[in-house]
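Listed here are the chains, written in short residue letters.
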Amino acid sequence: NVTLDFAANQNFVLTLTGNTTLVNPSTESVGQSGFITFIQDGTGGRTITLGTDYETAGAAGLTLSSGASKTDLVPYVVVAANRILLGQPQRDFS
């Protein structure tokens, strides 16, 4: 499980070494925006589960690239306390 520290960082780079849950943070600020980069490890196939503060269009969740060492970029914006909107992932950077 990973809790992003929005008070310390605006952008995040996470290397996935196993299936990961983004835990609801307590440090986000309304209007804050940036990106979260997800990098698959050498095995790949890692998944992300989202805490309830993270929202995607149509409640579709995030589908990341599954290949080993692939990188995906996900934009976000904080619109209210406990509401972090995630944009469409840009997938398959290598």
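Scroll up for the structure.
Residues numbered from 1 in each chain as written. Predicted model: local features only at pLDDT ≥ 70, side-chain atom pairs only at ≥ 80, totals over all residues. Heavy atoms only, no water.

**Quick look at the packing of aromatic side chains**
Here comes step 1: The tally for this structure, following the rule as stated, stands at 3 aromatic pairs.
Here comes step 2: Both rings, one in phenylalanine 6 and one in phenylalanine 12, keep their centres 5.1 Å apart while their planes meet at 70 degrees; by these two values the pair is edge-to-face. Pair check on accessibility: phenylalanine 6 and phenylalanine 12 agree, each one buried.
Here comes step 3: Ring centres of phenylalanine 6 and tyrosine 76 lie 5.3 Å apart, and the angle between their planes is 80 degrees; on these two criteria the pair is classed as edge-to-face. Here tyrosine 76 lies in strand β6 (residues 71–80) and phenylalanine 6 lies in the segment before β1 (12–16), a separation of 70 residues in the sequence.
Here comes step 4: Following the ring pairs from residue to residue traces out a cluster consisting of Phe6, Phe12 and Tyr76. (Phe/Tyr/Trp six-rings, centres within 6.5 Å; stacked < 30°, edge-to-face > 60°. Buried < 20%, exposed > 50% of the residue type's maximum accessible area, 1.4 Å probe, protein only. Helix = DSSP H or I, 4+ residues; strand = E, 2+ residues; numbered from the N terminus.)

**A word on the nonpolar core**
Here comes step 1: Ranked by size, the top nonpolar core spans 17 residues in total, and within it Leu4, Ile36, Phe38, Tyr76 and Leu86 carry the most contacts.
Here comes step 2: The set of elements that each furnish at least two residues to this core consists of β1, β3 (33–40), β6 and β7 (83–86).
Here comes step 3: Non-local contacts of isoleucine 36, meaning those with residues more than four positions away in its chain, are made with Leu4, Phe12, Leu14, Asp72, Leu73, Val74, Tyr76 and Leu86. (Core = buried A, V, L, I, M, F, W, Y, C linked by side-chain atoms within 4.5 Å. Contact = heavy atoms within 4.5 Å.)

**Considerations on unusual backbone geometry**
Here comes step 1: The backbone of alanine 59 sits at a positive phi, close to 55 degrees, despite the residue not being glycine.
Here comes step 2: Structurally, alanine 59 is set in the loop between β5 (54–56) and β6.
Here comes step 3: If you check the backbone angles, aspartate 92 has positive phi at about 70 degrees while not being a glycine.
Here comes step 4: By the secondary structure assignment, aspartate 92 is in strand β8 (residues 90–93).

**Some remarks on a nonpolar patch on the surface**
Here comes step 1: On the surface, a nonpolar cluster with roughly 340 Å² of combined accessible area is contributed by Val13, Phe35, Leu73 and Phe93.
Here comes step 2: With respect to the helices, strands and loops of the structure, leucine 73 is situated in strand β6. (Patch = residues over 30% accessible without salt bridge, like charges linked within 9 Å, V, L, I, M, F, W, Y side chains within 5 Å. Areas by Shrake-Rupley, 256 points an atom, 1.4 Å probe, with all protein chains shown as cover. Salt bridge = Lys/Arg side-chain N within 4 Å of Asp/Glu carboxyl O.)

**What to know about the pattern of salt bridges**
A pair can form between side chains of opposite charge whenever their charged atoms are brought close.
Here comes step 1: For the structure on display, the rule yields 2 salt bridges.
Here comes step 2: The partner of aspartate 41 in a salt bridge is arginine 46, and the shortest N-O contact between them spans 2.8 Å.
Here comes step 3: Between glutamate 55 and arginine 83 there is a salt bridge whose closest N-O contact spans 2.7 Å. Of this pair, glutamate 55 sits in strand β5 while arginine 83 sits in strand β7; the two residues are 28 residues apart in sequence, bridging distant segments of the chain.

**What to know about the environment of asparagine 24**
Here comes step 1: Among the structural elements, asparagine 24 can be located in the loop between β2 (20–22) and β3.
Here comes step 2: Relative accessible area serves as the criterion here: at 31%, asparagine 24 is assigned to the partly exposed category.
Here comes step 3: For asparagine 24 and tyrosine 54, which are 30 residues apart along the polypeptide, the C-alpha to C-alpha distance reads 7.5 Å.
Here comes step 4: Contacts of asparagine 24, omitting those with residues within four sequence positions, involve Thr3, Gly51, Thr52, Asp53 and Tyr54.
Here comes step 5: Looking at asparagine 24, its side chain comes within polar contact range of the side chain of threonine 52, at 3.0 Å.
Here comes step 6: In terms of polar contacts, asparagine 24 uses its side chain to reach the backbone amide nitrogen of aspartate 53, at 2.8 Å. (Polar contact = N/O pair within 3.5 Å; in protein donor to acceptor, adjacent residues only side chain to side chain.)

By themselves, these are just geometric observations and shouldn't be taken as functional.
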